[in-house]
Amino acid sequence: MEVLQKITALLCVFAITHASPLETFLAPELADCVNSFSSLANTTVPKASVSALDIKQRENGGGPIVEDVAIDYAGSEFMWKEGRVRWEDYNITKTDIDLVNDLLESMMTPTGVEHSRSKRQSVTPPTGRRIRREYRRLSDGERNAFHTVLQAMKTNGQYNTFANLHRGIVTTSAHRGPNFLGWHRVYLALFEEAIRRINRQVSLPYWDTTLDFDMVNPATTIVFSSAFFGNGDGRVTTGPFANWETPIGRLTRNIAGGSTLFTKANIRSILTRCRTREITVPTALPQFNFESFHNGPHVWVGGQMSGTNTAAHDPVFFLFHAFIDYVWELFRVHQLNDCRVDPSTDYPPVLGEHAPNRAMDGLPGYRNIDGYRSYWTQNWYSYESSPSCPNCNSPYLRCDTAHRVCVSSQRTLARDEPATVGGWFSYGAAANSIFSQARDDVAMLNIGPLFIGPPAEPRTQIGQERLRLSRMGVGK
Ligand SMILES: [Cu+2]
(Lines give C-alpha, C1' and ligand atoms only; values in the text may rest on other atoms or scores of the structure.)
Protein backbone atom coordinates (compact mmCIF):
# COMPACT_ATOMS: atom_id res chain seq x y z
CA MET A 1 0.00 0.00 0.00
CA GLU A 2 2.74 2.38 1.01
CA VAL A 3 4.62 1.56 -2.16
CA LEU A 4 1.52 2.25 -4.21
CA GLN A 5 1.13 5.66 -2.56
CA LYS A 6 4.73 6.51 -3.33
CA ILE A 7 4.30 5.53 -6.95
CA THR A 8 1.14 7.63 -7.17
CA ALA A 9 2.93 10.62 -5.64
CA LEU A 10 5.83 10.22 -8.06
CA LEU A 11 3.47 9.94 -11.00
CA CYS A 12 1.68 13.01 -9.76
CA VAL A 13 4.86 15.03 -9.70
CA PHE A 14 5.72 13.72 -13.15
CA ALA A 15 2.27 14.64 -14.44
CA ILE A 16 2.48 18.15 -13.06
CA THR A 17 5.83 18.81 -14.60
CA HIS A 18 4.86 17.20 -17.87
CA ALA A 19 3.63 19.41 -20.66
CA SER A 20 0.85 17.42 -22.28
CA PRO A 21 -2.77 18.28 -21.70
CA LEU A 22 -3.36 16.32 -18.55
CA GLU A 23 -6.91 15.12 -18.72
CA THR A 24 -6.26 13.12 -21.83
CA PHE A 25 -4.16 10.44 -20.17
CA LEU A 26 -4.54 10.66 -16.41
CA ALA A 27 -6.17 8.08 -14.20
CA PRO A 28 -8.81 9.69 -11.95
CA GLU A 29 -6.75 9.43 -8.74
CA LEU A 30 -3.83 11.15 -10.44
CA ALA A 31 -6.08 13.79 -11.92
CA ASP A 32 -7.25 14.68 -8.41
CA CYS A 33 -3.79 15.33 -7.09
CA VAL A 34 -2.84 17.23 -10.22
CA ASN A 35 -5.96 19.36 -10.02
CA SER A 36 -5.12 20.35 -6.47
CA PHE A 37 -1.79 21.63 -7.73
CA SER A 38 -3.23 23.21 -10.86
CA SER A 39 -5.84 25.18 -8.98
CA LEU A 40 -3.08 26.47 -6.76
CA ALA A 41 -1.07 27.48 -9.78
CA ASN A 42 -4.01 29.19 -11.36
CA THR A 43 -4.61 31.48 -8.44
CA THR A 44 -1.11 32.91 -8.61
CA VAL A 45 0.32 35.53 -10.86
CA PRO A 46 2.57 34.10 -13.61
CA LYS A 47 5.47 32.28 -12.04
CA ALA A 48 9.05 33.14 -12.84
CA SER A 49 9.88 31.48 -16.08
CA VAL A 50 13.12 29.61 -16.45
CA SER A 51 13.00 29.80 -20.19
CA ALA A 52 12.51 33.55 -20.10
CA LEU A 53 15.69 33.82 -18.03
CA ASP A 54 17.48 31.59 -20.51
CA ILE A 55 16.43 33.84 -23.31
CA LYS A 56 17.58 36.94 -21.49
CA GLN A 57 20.97 35.42 -20.74
CA ARG A 58 21.42 34.32 -24.29
CA GLU A 59 20.36 37.67 -25.68
CA ASN A 60 22.59 39.66 -23.39
CA GLY A 61 25.46 37.22 -23.46
CA GLY A 62 26.93 37.45 -26.91
CA GLY A 63 27.25 41.02 -28.09
CA PRO A 64 24.40 42.73 -29.92
CA ILE A 65 20.98 41.18 -29.67
CA VAL A 66 20.18 39.26 -32.80
CA GLU A 67 16.47 39.36 -32.36
CA ASP A 68 15.53 37.10 -35.18
CA VAL A 69 17.34 34.17 -33.70
CA ALA A 70 14.43 32.00 -32.72
CA ILE A 71 13.61 31.76 -29.05
CA ASP A 72 13.57 28.48 -27.24
CA TYR A 73 10.70 27.63 -25.01
CA ALA A 74 10.38 24.71 -22.69
CA GLY A 75 7.27 22.92 -23.87
CA SER A 76 5.62 23.42 -20.51
CA GLU A 77 5.71 27.16 -20.97
CA PHE A 78 3.09 27.42 -23.62
CA MET A 79 0.38 25.24 -22.27
CA TRP A 80 -2.72 26.80 -20.80
CA LYS A 81 -2.62 24.24 -18.01
CA GLU A 82 0.58 25.50 -16.50
CA GLY A 83 -0.71 28.53 -14.66
CA ARG A 84 1.57 31.01 -16.37
CA VAL A 85 -1.50 32.78 -17.59
CA ARG A 86 -4.42 33.88 -15.52
CA TRP A 87 -6.76 31.76 -17.56
CA GLU A 88 -9.35 31.72 -14.83
CA ASP A 89 -10.27 35.12 -16.21
CA TYR A 90 -11.55 33.42 -19.32
CA ASN A 91 -14.78 31.57 -19.63
CA ILE A 92 -13.06 28.96 -21.67
CA THR A 93 -13.81 25.28 -22.25
CA LYS A 94 -11.51 22.30 -22.63
CA THR A 95 -12.13 22.30 -26.39
CA ASP A 96 -11.09 25.95 -26.56
CA ILE A 97 -7.92 25.26 -24.60
CA ASP A 98 -7.09 22.29 -26.81
CA LEU A 99 -7.45 24.39 -29.97
CA VAL A 100 -5.31 27.23 -28.69
CA ASN A 101 -2.68 24.85 -27.30
CA ASP A 102 -2.61 22.94 -30.54
CA LEU A 103 -2.19 26.07 -32.65
CA LEU A 104 0.44 27.51 -30.33
CA GLU A 105 2.32 24.24 -30.34
CA SER A 106 2.26 24.04 -34.11
CA MET A 107 3.72 27.55 -34.26
CA MET A 108 6.72 26.23 -32.35
CA THR A 109 9.05 23.56 -33.66
CA PRO A 110 11.18 21.15 -31.64
CA THR A 111 14.73 22.34 -31.24
CA GLY A 112 16.15 18.89 -31.75
CA VAL A 113 18.23 19.09 -28.60
CA GLU A 114 18.26 16.39 -25.95
CA HIS A 115 15.24 17.71 -24.05
CA SER A 116 12.62 16.94 -26.61
CA ARG A 117 10.13 19.28 -24.95
CA SER A 118 12.23 22.28 -25.82
CA LYS A 119 10.63 24.30 -28.60
CA ARG A 120 11.29 27.41 -30.54
CA GLN A 121 9.25 29.81 -32.56
CA SER A 122 8.95 28.47 -36.08
CA VAL A 123 10.88 30.48 -38.61
CA THR A 124 8.17 29.86 -41.16
CA PRO A 125 4.48 29.28 -40.55
CA PRO A 126 3.23 25.67 -40.66
CA THR A 127 0.67 26.48 -43.35
CA GLY A 128 2.94 28.61 -45.48
CA ARG A 129 3.68 32.28 -45.89
CA ARG A 130 0.73 34.63 -46.34
CA ILE A 131 0.13 37.83 -48.25
CA ARG A 132 -2.50 40.09 -46.80
CA ARG A 133 -4.37 42.33 -49.23
CA GLU A 134 -7.03 44.99 -48.96
CA TYR A 135 -10.50 43.41 -48.74
CA ARG A 136 -11.64 45.01 -52.02
CA ARG A 137 -8.57 43.78 -53.86
CA LEU A 138 -9.53 40.12 -53.52
CA SER A 139 -11.27 38.59 -56.50
CA ASP A 140 -14.90 37.63 -55.90
CA GLY A 141 -13.82 33.99 -55.70
CA GLU A 142 -11.08 34.72 -53.16
CA ARG A 143 -13.42 36.79 -51.05
CA ASN A 144 -16.06 34.09 -51.07
CA ALA A 145 -13.47 31.48 -50.09
CA PHE A 146 -12.48 33.65 -47.14
CA HIS A 147 -16.13 34.02 -46.09
CA THR A 148 -16.64 30.28 -46.38
CA VAL A 149 -13.74 29.58 -44.01
CA LEU A 150 -15.10 32.03 -41.43
CA GLN A 151 -18.52 30.39 -41.68
CA ALA A 152 -16.92 26.98 -41.10
CA MET A 153 -15.08 28.35 -38.06
CA LYS A 154 -18.31 29.83 -36.72
CA THR A 155 -20.04 26.47 -37.10
CA ASN A 156 -17.29 24.40 -35.47
CA GLY A 157 -16.89 26.81 -32.56
CA GLN A 158 -13.38 27.98 -33.40
CA TYR A 159 -14.48 31.48 -34.31
CA ASN A 160 -16.10 31.95 -30.91
CA THR A 161 -13.02 30.58 -29.17
CA PHE A 162 -10.92 33.29 -30.78
CA ALA A 163 -13.49 36.00 -30.16
CA ASN A 164 -13.64 35.03 -26.48
CA LEU A 165 -9.87 35.30 -26.10
CA HIS A 166 -10.21 39.04 -26.69
CA ARG A 167 -11.81 39.81 -23.34
CA GLY A 168 -11.25 39.75 -19.60
CA ILE A 169 -7.71 40.59 -18.59
CA VAL A 170 -6.85 41.22 -22.24
CA THR A 171 -8.97 44.36 -21.98
CA THR A 172 -6.17 45.93 -19.97
CA SER A 173 -3.04 43.89 -20.74
CA ALA A 174 -3.45 44.11 -24.53
CA HIS A 175 -4.93 47.61 -24.63
CA ARG A 176 -3.91 50.98 -23.23
CA GLY A 177 -0.20 50.42 -23.64
CA PRO A 178 2.60 49.26 -25.97
CA ASN A 179 1.49 45.61 -25.85
CA PHE A 180 -1.59 46.69 -27.80
CA LEU A 181 0.43 46.47 -31.01
CA GLY A 182 2.32 43.24 -30.32
CA TRP A 183 -0.47 41.26 -28.70
CA HIS A 184 -2.84 41.85 -31.59
CA ARG A 185 -0.11 40.92 -34.07
CA VAL A 186 0.34 37.49 -32.48
CA TYR A 187 -3.42 37.06 -32.00
CA LEU A 188 -4.02 37.66 -35.72
CA ALA A 189 -1.19 35.32 -36.70
CA LEU A 190 -2.82 32.56 -34.65
CA PHE A 191 -6.25 33.30 -36.10
CA GLU A 192 -4.81 33.25 -39.60
CA GLU A 193 -3.12 29.93 -38.90
CA ALA A 194 -6.53 28.51 -37.91
CA ILE A 195 -8.00 29.87 -41.16
CA ARG A 196 -5.29 28.23 -43.22
CA ARG A 197 -5.73 24.86 -41.60
CA ILE A 198 -9.11 24.93 -43.31
CA ASN A 199 -7.99 26.51 -46.59
CA ARG A 200 -4.30 27.11 -47.30
CA GLN A 201 -5.12 29.49 -50.14
CA VAL A 202 -6.72 32.04 -47.83
CA SER A 203 -4.89 34.87 -46.08
CA LEU A 204 -6.44 37.41 -43.74
CA PRO A 205 -7.50 40.50 -45.72
CA TYR A 206 -7.31 43.98 -44.22
CA TRP A 207 -9.95 46.70 -44.25
CA ASP A 208 -8.36 50.07 -45.04
CA THR A 209 -10.93 52.45 -43.61
CA THR A 210 -9.28 55.49 -45.21
CA LEU A 211 -10.78 54.38 -48.55
CA ASP A 212 -14.23 54.79 -46.98
CA PHE A 213 -13.41 57.92 -45.00
CA ASP A 214 -12.45 59.68 -48.24
CA MET A 215 -15.88 59.06 -49.78
CA VAL A 216 -18.51 61.81 -49.81
CA ASN A 217 -20.54 59.75 -47.37
CA PRO A 218 -18.68 56.83 -45.73
CA ALA A 219 -21.96 55.35 -44.50
CA THR A 220 -22.76 54.32 -48.08
CA THR A 221 -19.61 52.23 -48.57
CA ILE A 222 -19.88 48.95 -50.40
CA VAL A 223 -18.11 47.05 -47.62
CA PHE A 224 -21.37 47.14 -45.69
CA SER A 225 -23.31 45.23 -48.33
CA SER A 226 -24.19 41.58 -48.79
CA ALA A 227 -21.11 40.81 -50.91
CA PHE A 228 -18.77 41.98 -48.14
CA PHE A 229 -19.44 42.44 -44.40
CA GLY A 230 -23.22 42.53 -44.77
CA ASN A 231 -25.47 45.40 -43.77
CA GLY A 232 -24.44 47.96 -41.16
CA ASP A 233 -27.83 49.30 -40.09
CA GLY A 234 -28.95 47.35 -37.06
CA ARG A 235 -29.22 43.56 -36.97
CA VAL A 236 -26.95 41.99 -39.55
CA THR A 237 -29.36 40.07 -41.76
CA THR A 238 -27.50 40.07 -45.08
CA GLY A 239 -24.11 38.87 -46.25
CA PRO A 240 -21.83 36.07 -45.06
CA PHE A 241 -22.32 36.74 -41.34
CA ALA A 242 -26.10 37.20 -41.41
CA ASN A 243 -27.82 36.32 -38.15
CA TRP A 244 -24.65 35.28 -36.36
CA GLU A 245 -25.22 34.69 -32.67
CA THR A 246 -22.87 36.25 -30.14
CA PRO A 247 -22.82 35.95 -26.32
CA ILE A 248 -24.83 39.18 -26.06
CA GLY A 249 -27.33 38.53 -28.84
CA ARG A 250 -27.44 38.72 -32.62
CA LEU A 251 -24.65 40.43 -34.50
CA THR A 252 -25.63 44.10 -34.76
CA ARG A 253 -24.09 47.34 -36.07
CA ASN A 254 -24.94 51.00 -36.35
CA ILE A 255 -22.41 52.34 -38.83
CA ALA A 256 -21.59 56.05 -38.83
CA GLY A 257 -23.21 56.41 -35.43
CA GLY A 258 -20.35 58.43 -33.97
CA SER A 259 -16.58 58.97 -33.72
CA THR A 260 -14.65 58.52 -36.98
CA LEU A 261 -12.93 56.07 -39.26
CA PHE A 262 -9.11 55.88 -39.33
CA THR A 263 -7.82 58.48 -41.79
CA LYS A 264 -4.83 59.04 -44.06
CA ALA A 265 -4.05 62.09 -41.92
CA ASN A 266 -3.80 59.73 -38.93
CA ILE A 267 -1.27 57.60 -40.81
CA ARG A 268 0.78 60.64 -41.87
CA SER A 269 0.78 61.87 -38.29
CA ILE A 270 2.05 58.54 -36.94
CA LEU A 271 4.78 58.47 -39.59
CA THR A 272 6.21 61.78 -38.38
CA ARG A 273 7.38 59.99 -35.21
CA CYS A 274 10.42 57.77 -34.76
CA ARG A 275 9.99 56.01 -31.44
CA THR A 276 7.33 53.56 -30.32
CA ARG A 277 6.78 55.49 -27.08
CA GLU A 278 5.69 58.50 -29.14
CA ILE A 279 2.74 56.62 -30.64
CA THR A 280 1.71 54.35 -27.75
CA VAL A 281 -0.21 54.86 -24.53
CA PRO A 282 0.54 56.27 -21.97
CA THR A 283 3.30 58.47 -23.40
CA ALA A 284 1.87 59.47 -26.82
CA LEU A 285 0.50 62.96 -27.33
CA PRO A 286 -3.13 62.92 -28.53
CA GLN A 287 -2.22 63.86 -32.11
CA PHE A 288 0.07 60.80 -32.41
CA ASN A 289 -1.91 58.32 -30.33
CA PHE A 290 -2.20 55.26 -32.57
CA GLU A 291 -4.37 53.29 -30.15
CA SER A 292 -6.78 56.18 -29.76
CA PHE A 293 -7.09 56.52 -33.57
CA HIS A 294 -7.84 52.79 -33.63
CA ASN A 295 -10.69 53.22 -31.16
CA GLY A 296 -12.53 55.40 -33.70
CA PRO A 297 -13.66 52.68 -36.12
CA HIS A 298 -14.71 50.45 -33.21
CA VAL A 299 -17.20 53.14 -32.22
CA TRP A 300 -18.03 54.08 -35.83
CA VAL A 301 -19.08 50.50 -36.70
CA GLY A 302 -21.05 50.23 -33.45
CA GLY A 303 -22.81 47.24 -31.92
CA GLN A 304 -20.53 44.42 -30.80
CA MET A 305 -17.54 46.22 -32.33
CA SER A 306 -17.93 49.11 -29.91
CA GLY A 307 -17.43 47.00 -26.77
CA THR A 308 -14.02 45.96 -25.49
CA ASN A 309 -15.24 42.48 -24.52
CA THR A 310 -17.46 41.87 -27.54
CA ALA A 311 -15.64 43.45 -30.50
CA ALA A 312 -14.05 40.30 -31.91
CA HIS A 313 -17.47 38.69 -32.31
CA ASP A 314 -17.91 40.86 -35.40
CA PRO A 315 -15.61 39.58 -38.19
CA VAL A 316 -15.06 43.24 -39.11
CA PHE A 317 -12.73 43.20 -36.11
CA PHE A 318 -10.15 40.90 -37.69
CA LEU A 319 -9.97 42.77 -40.99
CA PHE A 320 -9.81 46.10 -39.21
CA HIS A 321 -7.06 44.90 -36.89
CA ALA A 322 -5.11 43.58 -39.86
CA PHE A 323 -5.24 47.17 -41.12
CA ILE A 324 -3.98 48.48 -37.76
CA ASP A 325 -1.16 45.95 -38.03
CA TYR A 326 -0.47 47.14 -41.59
CA VAL A 327 -0.15 50.74 -40.41
CA TRP A 328 2.16 49.57 -37.63
CA GLU A 329 4.26 47.83 -40.26
CA LEU A 330 4.49 51.09 -42.23
CA PHE A 331 5.74 52.72 -39.04
CA ARG A 332 8.30 49.96 -38.42
CA VAL A 333 9.71 50.22 -41.92
CA HIS A 334 9.92 53.98 -41.44
CA GLN A 335 11.74 53.47 -38.11
CA LEU A 336 14.27 51.26 -39.77
CA ASN A 337 14.81 53.30 -42.93
CA ASP A 338 14.39 56.88 -41.81
CA CYS A 339 15.14 56.84 -38.08
CA ARG A 340 17.76 54.13 -37.73
CA VAL A 341 15.71 52.67 -34.89
CA ASP A 342 15.35 48.90 -34.59
CA PRO A 343 11.60 48.30 -34.25
CA SER A 344 12.11 44.86 -32.71
CA THR A 345 13.84 46.27 -29.62
CA ASP A 346 12.15 49.66 -29.42
CA TYR A 347 9.72 48.52 -26.74
CA PRO A 348 8.99 51.30 -24.22
CA PRO A 349 10.32 50.44 -20.75
CA VAL A 350 6.96 50.17 -19.02
CA LEU A 351 6.06 48.18 -15.93
CA GLY A 352 2.98 46.14 -15.06
CA GLU A 353 0.83 44.24 -17.52
CA HIS A 354 2.53 45.85 -20.52
CA ALA A 355 6.08 45.07 -19.36
CA PRO A 356 8.14 43.69 -22.26
CA ASN A 357 9.02 40.38 -20.59
CA ARG A 358 5.62 39.58 -19.16
CA ALA A 359 3.83 36.50 -20.54
CA MET A 360 1.14 37.40 -23.04
CA ASP A 361 -2.34 36.77 -21.72
CA GLY A 362 -4.29 34.20 -23.65
CA LEU A 363 -1.26 33.46 -25.85
CA PRO A 364 1.04 31.61 -23.45
CA GLY A 365 4.52 30.87 -24.73
CA TYR A 366 4.95 34.41 -25.94
CA ARG A 367 6.20 37.38 -23.98
CA ASN A 368 4.85 40.82 -24.77
CA ILE A 369 8.03 41.79 -26.60
CA ASP A 370 7.73 38.80 -28.92
CA GLY A 371 4.98 40.65 -30.75
CA TYR A 372 7.62 43.21 -31.72
CA ARG A 373 10.01 40.73 -33.30
CA SER A 374 10.68 41.09 -36.97
CA TYR A 375 10.19 37.47 -37.90
CA TRP A 376 6.44 37.98 -38.15
CA THR A 377 6.64 40.17 -41.21
CA GLN A 378 9.93 38.77 -42.46
CA ASN A 379 8.89 35.15 -42.43
CA TRP A 380 5.22 34.74 -41.64
CA TYR A 381 3.32 37.28 -43.68
CA SER A 382 3.61 40.49 -45.61
CA TYR A 383 1.26 43.18 -46.76
CA GLU A 384 0.38 44.22 -50.26
CA SER A 385 0.30 48.02 -50.28
CA SER A 386 -3.00 49.72 -49.90
CA PRO A 387 -4.56 50.73 -53.25
CA SER A 388 -3.39 54.05 -54.68
CA CYS A 389 -4.19 56.20 -57.73
CA PRO A 390 -4.27 56.18 -60.66
CA ASN A 391 -5.04 52.47 -60.84
CA CYS A 392 -6.92 51.38 -57.74
CA ASN A 393 -7.09 47.95 -59.24
CA SER A 394 -10.47 46.82 -58.00
CA PRO A 395 -14.01 46.96 -59.39
CA TYR A 396 -15.03 48.19 -55.95
CA LEU A 397 -12.72 51.19 -55.85
CA ARG A 398 -12.24 54.24 -58.00
CA CYS A 399 -9.64 56.96 -58.18
CA ASP A 400 -10.89 60.31 -56.94
CA THR A 401 -8.75 62.34 -59.34
CA ALA A 402 -9.39 65.66 -57.59
CA HIS A 403 -7.93 64.38 -54.32
CA ARG A 404 -5.71 61.70 -55.86
CA VAL A 405 -6.88 58.96 -53.55
CA CYS A 406 -8.74 55.71 -54.09
CA VAL A 407 -12.23 55.71 -52.66
CA SER A 408 -14.71 52.92 -52.13
CA SER A 409 -17.67 52.29 -54.40
CA GLN A 410 -21.10 52.87 -53.03
CA ARG A 411 -23.44 50.00 -52.35
CA THR A 412 -26.92 49.97 -53.81
CA LEU A 413 -28.75 52.23 -51.42
CA ALA A 414 -31.96 51.28 -49.72
CA ARG A 415 -35.10 53.07 -50.82
CA ASP A 416 -35.16 56.62 -49.41
CA GLU A 417 -31.61 56.29 -48.20
CA PRO A 418 -29.73 59.52 -48.94
CA ALA A 419 -26.41 59.29 -50.74
CA THR A 420 -25.09 62.55 -49.42
CA VAL A 421 -24.60 63.55 -45.86
CA GLY A 422 -26.72 66.67 -45.83
CA GLY A 423 -29.62 64.49 -46.85
CA TRP A 424 -29.56 62.49 -43.68
CA PHE A 425 -31.43 64.71 -41.35
CA SER A 426 -33.13 66.94 -43.87
CA TYR A 427 -34.50 63.96 -45.73
CA GLY A 428 -37.38 63.43 -43.38
CA ALA A 429 -38.82 60.52 -41.51
CA ALA A 430 -38.07 57.79 -44.06
CA ALA A 431 -34.30 58.17 -43.87
CA ASN A 432 -34.23 58.86 -40.19
CA SER A 433 -36.15 55.70 -39.47
CA ILE A 434 -33.24 53.62 -40.81
CA PHE A 435 -30.92 55.13 -38.25
CA SER A 436 -33.33 55.09 -35.37
CA GLN A 437 -34.07 51.41 -36.03
CA ALA A 438 -30.32 50.68 -35.99
CA ARG A 439 -29.94 52.58 -32.74
CA ASP A 440 -32.84 50.64 -31.23
CA ASP A 441 -31.26 47.33 -32.27
CA VAL A 442 -27.96 48.29 -30.68
CA ALA A 443 -29.73 49.48 -27.53
CA MET A 444 -30.99 45.90 -27.07
CA LEU A 445 -27.43 44.64 -26.55
CA ASN A 446 -25.65 44.54 -23.21
CA ILE A 447 -22.31 45.59 -24.66
CA GLY A 448 -20.41 46.38 -21.46
CA PRO A 449 -17.36 48.67 -21.39
CA LEU A 450 -17.05 50.70 -24.60
CA PHE A 451 -14.09 51.90 -26.65
CA ILE A 452 -13.65 55.64 -26.36
CA GLY A 453 -12.98 57.03 -29.83
CA PRO A 454 -12.05 60.49 -31.09
CA PRO A 455 -14.93 63.04 -31.22
CA ALA A 456 -17.72 62.40 -33.74
CA GLU A 457 -16.96 63.72 -37.20
CA PRO A 458 -19.74 65.67 -38.99
CA ARG A 459 -20.78 62.79 -41.25
CA THR A 460 -22.04 60.65 -38.37
CA GLN A 461 -25.40 60.57 -36.65
CA ILE A 462 -23.99 62.27 -33.55
CA GLY A 463 -22.10 64.75 -35.74
CA GLN A 464 -25.24 65.64 -37.70
CA GLU A 465 -27.29 65.99 -34.57
CA ARG A 466 -24.66 68.32 -33.14
CA LEU A 467 -24.78 70.42 -36.32
CA ARG A 468 -28.53 70.54 -36.21
CA LEU A 469 -28.50 71.71 -32.61
CA SER A 470 -25.84 74.33 -33.27
CA ARG A 471 -27.87 75.65 -36.19
CA MET A 472 -30.76 76.04 -33.81
CA GLY A 473 -28.43 77.88 -31.45
CA VAL A 474 -28.59 75.12 -28.83
CA GLY A 475 -25.63 73.69 -26.94
CA LYS A 476 -23.05 76.28 -27.89
CU1 LIG B 1 -9.38 46.97 -31.77
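- Going by the annotation in an unreviewed UniProt entry, the name recorded for the protein is Tyrosinase copper-binding domain-containing protein, with Dreissena polymorpha given as the source organism.

## Side note on the confidence of the model for the protein
Here is step 1: Counting all residues, the mean pLDDT for the protein is 80, and 74% of those residues have values of 70 or more.
Here is step 2: Low pLDDT, under 50, characterises residues 7–89; the stretch is placed with 110 contacts to residues that sit more than four places away or in other chains.

## Notes on the pairing of strand β11 (residues 405–408)
Here is step 1: Examined bridge by bridge, strand β10 (residues 397–400) and β11 share four bridges and lie antiparallel to one another. When the bridges of β11 are listed, C399 appears paired with C406.
Here is step 2: Remark: four residues form the turn of the hairpin made by β10 and β11, two consecutive strands paired antiparallel; R404 in that turn has positive phi of roughly 55°.

## What to know about the packing of helix α8 (residues 179–198) against helix α12 (residues 316–339)
Here is step 1: At a minimum axis separation of 10 Å, α8 and α12 run at an interaxial angle of 125°. In this view, α8 runs oblique relative to α12, as classed from their interaxial angle. For the pair α8 and α12, the crossing hand works out as left-handed. Residues L181, H184, R185, L188 and F191 of α8 touch α12, and the partners they reach there are F318, H321, A322, I324, D325 and W328.
Here is step 2: In the contact of α8 with α12, the residues fall into seven nonpolar, two polar and two charged.

## Thoughts on the nonpolar core
Generally speaking, soluble globular proteins have nonpolar side chains that are buried together.
Here is step 1: Among the nonpolar cores identified, the biggest contains 79 residues, and V186, Y187, W207, V316, L319, A322 and F323 are the most heavily contacted of them.
Here is step 2: With sequence-adjacent residues up to four places away left out, L319 is seen in contact with Y135, P205, Y206 and W207.

## Describing the UniProt feature "domain: Tyrosinase copper-binding" (unreviewed entry) in the protein
Here is step 1: As recorded in UniProt, the sites labelled "domain: Tyrosinase copper-binding" (unreviewed entry) are residues 175–192 and 314–325.
Here is step 2: Helix makes up 78% of residues 175–192 and strand makes up 0%, while its end C-alpha atoms are separated by 21 Å.
Here is step 3: Summarising residues 314–325: 83% helix, 0% strand, and an end-to-end C-alpha distance of 18 Å.

## Here we look at unusual backbone geometry
Here is step 1: Between V281 and P282 the backbone carries a cis peptide bond, its omega angle lying at 5°.
Here is step 2: Summarising the element assignment, P282 is placed in the loop between α10 (264–270) and α11 (290–301).
Here is step 3: Cis geometry is adopted by the peptide bond preceding P390, which originates at C389 and carries an omega value of 5°.
Here is step 4: With respect to the secondary-structure elements, P390 resides in the loop between β9 (381–383) and β10.
Here is step 5: You will see that A256, though not glycine, has its phi angle at about 60°, which is positive.
Here is step 6: Looking at where A256 falls in the secondary structure, it is placed in the loop between β8 (252–254) and α10.
Here is step 7: For A256, a count of 32 C-beta atoms within 10 Å puts it in the buried group.

Cut-offs and rules
- Residues numbered from 1 in each chain as written.
- Predicted model: local features only at pLDDT ≥ 70, side-chain atom pairs only at ≥ 80, totals over all residues.
- pLDDT = per-residue confidence, 0-100.
- Contact = placed C-beta atoms within 7 Å.
- Pairing = 2+ DSSP bridges.
- Helix = DSSP H or I, 4+ residues; strand = E, 2+ residues; numbered from the N terminus.
- Axes fitted to C-alpha atoms, helices over the stretch in contact; angles between N-to-C directions.
- Parallel < 35°, antiparallel > 145°, perpendicular 65-115°, else oblique.
- Left-handed = near helix turned anticlockwise from the far one by under 90°.
- Nonpolar A, V, L, I, M, F, W, Y, C, P; charged D, E, K, R; others polar.
- Core = buried A, V, L, I, M, F, W, Y, C linked by C-beta atoms within 7 Å.
- Buried ≥ 20, exposed ≤ 12 C-beta atoms within 10 Å, placed from the backbone.
- UniProt positions renumbered as here; feature names shortened; annotations may be inferred.

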